[in-house]
Amino acid sequence: MPKKEQPSEESKVPKEKATRTSKGFDYTYLRDDWGAGRLPKEVRDLDPELSSGITTAYLFHLDVDTINSRNLSKADVDKEMIRLKDYATSVLAFYDIPFNAAVTQNGDTYQLRGLDKRSAANYTKVGNDTGISYLLVLGREEKPSPKMLEALQGLLAQQKKAYPNSNEVLDQRRAPEATSRSRNEFIDLELQNGSISFPQED
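Sequence order as written defines residue numbering, which begins from 1 separately in each chain. With the structure being a predicted model, the display of local features is reserved for residues of pLDDT at least 70 and the display and counting of side-chain atom pairs for 80 or more, all residues being used for whole-chain, interface and lining totals. With hydrogens and water excluded, all non-hydrogen atoms of the structure serve as input to the side-chain values.

Digging into the environment of glutamate 80
- In this description a helix means any DSSP run of H or I spanning at least four residues, a strand means any run of E spanning at least two, and both kinds are numbered starting from the N terminus. With respect to the secondary-structure elements, glutamate 80 resides in helix 3 (residues 74-90).
- Accessible area is worked out with a 1.4 Å probe on protein chains only. A residue is then buried under 20% of its type maximum, exposed over 50%, and partly exposed in between. Owing to a relative accessible area of 17%, glutamate 80 belongs among the buried residues under this scheme.
- For the pair glutamate 80 and valine 137, spaced 57 residues apart in the sequence, the C-alpha separation amounts to 9.0 Å.

Regarding the sheet that holds strand 3 (residues 56-61)
- Two strands are said to pair when DSSP picks up at least two bridges between them. Pairing within the open sheet is mixed, and its five strands lie in the order 5-4-6-3-7. The open sheet has two free edges, formed respectively by strand 5 (109-111) and strand 7 (168-171), since each of these has just one partner strand. Direction aside, the axes of adjacent strands within the sheet are offset by 25 degrees on average.
- Bridging between strand 3 and strand 6 (residues 131-136) involves six bridges; their strand directions are parallel. Its bridge partner lying in strand 6, phenylalanine 60 is registered against leucine 135.
- Here, residues are in contact when the closest pair of their heavy atoms is within 4.5 Å. Lines are fitted to the C-alpha atoms to define the axes, a helix being fitted only along its stretch in contact, and any angle between axes, read from their N-to-C directions, falls within 0 to 180 degrees. Set on the sheet, helix 5 (residues 146-162) makes contact with strand 3, strand 4 (101-103), strand 5, strand 6 and strand 7; between it and strand 6 the angle comes to about 165 degrees.

So, the environment of aspartate 33
- Mapped onto the elements of the fold, aspartate 33 is located in the loop between strand 2 (25-27) and helix 2 (41-44).
- Residues aspartate 33 and lysine 74 lie 41 residues apart in sequence; the distance between their C-alpha atoms is 10.0 Å.
- Filtering out sequence-adjacent residues up to four positions away, aspartate 33 remains in contact with Arg20, Thr28, Lys74 and Asp78.
- N or O atoms within 3.5 Å of each other form a polar contact, as long as, within protein, one can give a hydrogen and the other can take it, and as long as residues adjacent in sequence are counted only when both atoms are side-chain atoms. For aspartate 33, the side chain forms a polar contact with the main-chain nitrogen of leucine 30, separated by 2.8 Å.

Some words on the pattern of salt bridges
- We define a salt bridge as a side-chain nitrogen of Lys or Arg found within 4 Å of a carboxyl oxygen belonging to Asp or Glu. Counted according to the given criterion, the structure contains twelve salt bridges.
- The shortest N-O distance in the salt bridge between aspartate 188 and arginine 173 comes to 2.7 Å. Note that aspartate 188 is positioned in helix 6 (residues 185-192) and arginine 173 in the loop between strand 7 and helix 6, a separation of 15 residues in sequence.
- Residues joined by salt bridges that share partners form a network here, namely Asp171, Arg173, Arg183 and Asp188.

Description of the confidence of the model for the chain
- One number per residue, pLDDT, summarises how confident the predictor is, and it ranges from 0 to 100. Summarising the model, the chain shows a mean pLDDT of 89, and 89% of its residues fall at 70 or more.
- Here residues 1-5 is modelled with pLDDT under 50, and outside its nearest four sequence neighbours on either side it reaches zero contacts, counting other chains as well.

Thoughts on a nonpolar patch on the surface
- A cluster of nonpolar side chains, namely Tyr87, Val91 and Leu92, defines an oily patch on the protein surface of about 280 Å² accessible area.
- Relative to the elements of secondary structure, valine 91 occurs in the loop between helix 3 and strand 4. A patch consists of residues whose relative accessible area exceeds 30% and which take part in no salt bridge; residues with like charges are grouped when within 9 Å of each other, and nonpolar side chains (Val, Leu, Ile, Met, Phe, Trp, Tyr) when within 5 Å. Note that accessible areas follow from Shrake-Rupley with a 1.4 Å probe, and for residues the cover is restricted to the protein chains shown.

Some details on the pairing of strand 3
- Most of strand 3 sits inside the fold, with six of its six residues counted as buried.
- Pairing of strand 3 with strand 7 involves four bridges; the strand directions are parallel. Bridging from a neighbouring strand, leucine 59 pairs with aspartate 171 of strand 7.

Overview of the packing of aromatic side chains
- Pairing of aromatic side chains here covers Phe, Tyr and the six-membered ring of Trp, requires ring centres within 6.5 Å, and sorts the geometry by plane angle: under 30 degrees stacked, over 60 edge-to-face, intermediate tilted. All chains considered together, the criterion is met by four aromatic pairs.
- Among the aromatic residues, those joined into a cluster by ring pairs are Phe60, Phe99 and Tyr123.
- Two thresholds decide whether a charge sits over a ring: the Lys NZ or Arg CZ must be within 6 Å of the ring centre and within 35 degrees of the ring normal. Cation over ring: lysine 74 sits above tyrosine 29, and NZ or CZ is 4.7 Å from the ring centre.

Let's talk about helix 6
- Those residues of helix 6 not exposed but buried are Ile187, Asp188, Glu190 and Leu191. Seen from one end, helix 6 has its buried residues packed into an arc of 160 degrees, which puts them on one side.
- Among the structural elements, strand 3, strand 6, helix 5 and strand 7 are those in contact with the buried residues of helix 6.
- Two to three positions downstream of the cap, the backbone nitrogen of phenylalanine 186 sits 2.9 Å from a side-chain oxygen, assigning the N-cap of helix 6 to asparagine 184. When we speak of the arc, we mean the arc of directions from the helix axis to the C-beta atoms.

See the structure below:
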């Protein structure tokens, strides 16, 4: 019998996730991929000159203890993004989902409003004018996976490149006049030990 073919060394190397690009930013999935479609005109018309004013990244998580986040399929995440979008528009009277991007435990990144658009998640005009908002798809009691942290660092690197004055990554509770007291201690620890941060300039 012929010998079973052995995988090559090259095939053993993890392959990078395929990315899709919108407005110069890379994501695993664009809005069309999770069912959101085109941004409303009202959001598109909010395009300010962001490059000099953006200084901060704000990290949000879901306001539940757990969603079994490490076992979510793409269909599960899509459904959750649609739920958040529908809640934001029908209950909170936002034009669209308020966050710029989302990151899953599997390391997938989702274009929500997009990193090129003004956030609506950071509580105040000042917060939204100066900060990009990231939704980490996990609950209060769930630990971010290495894949999630790596994907988040990739988004922060893109933010830093587009908005060079970006210099601070904060938990959602530290946004100006934040009303949320929802805390994920694991995210706090990652922030404290510097595992989540903007890349250092050369």
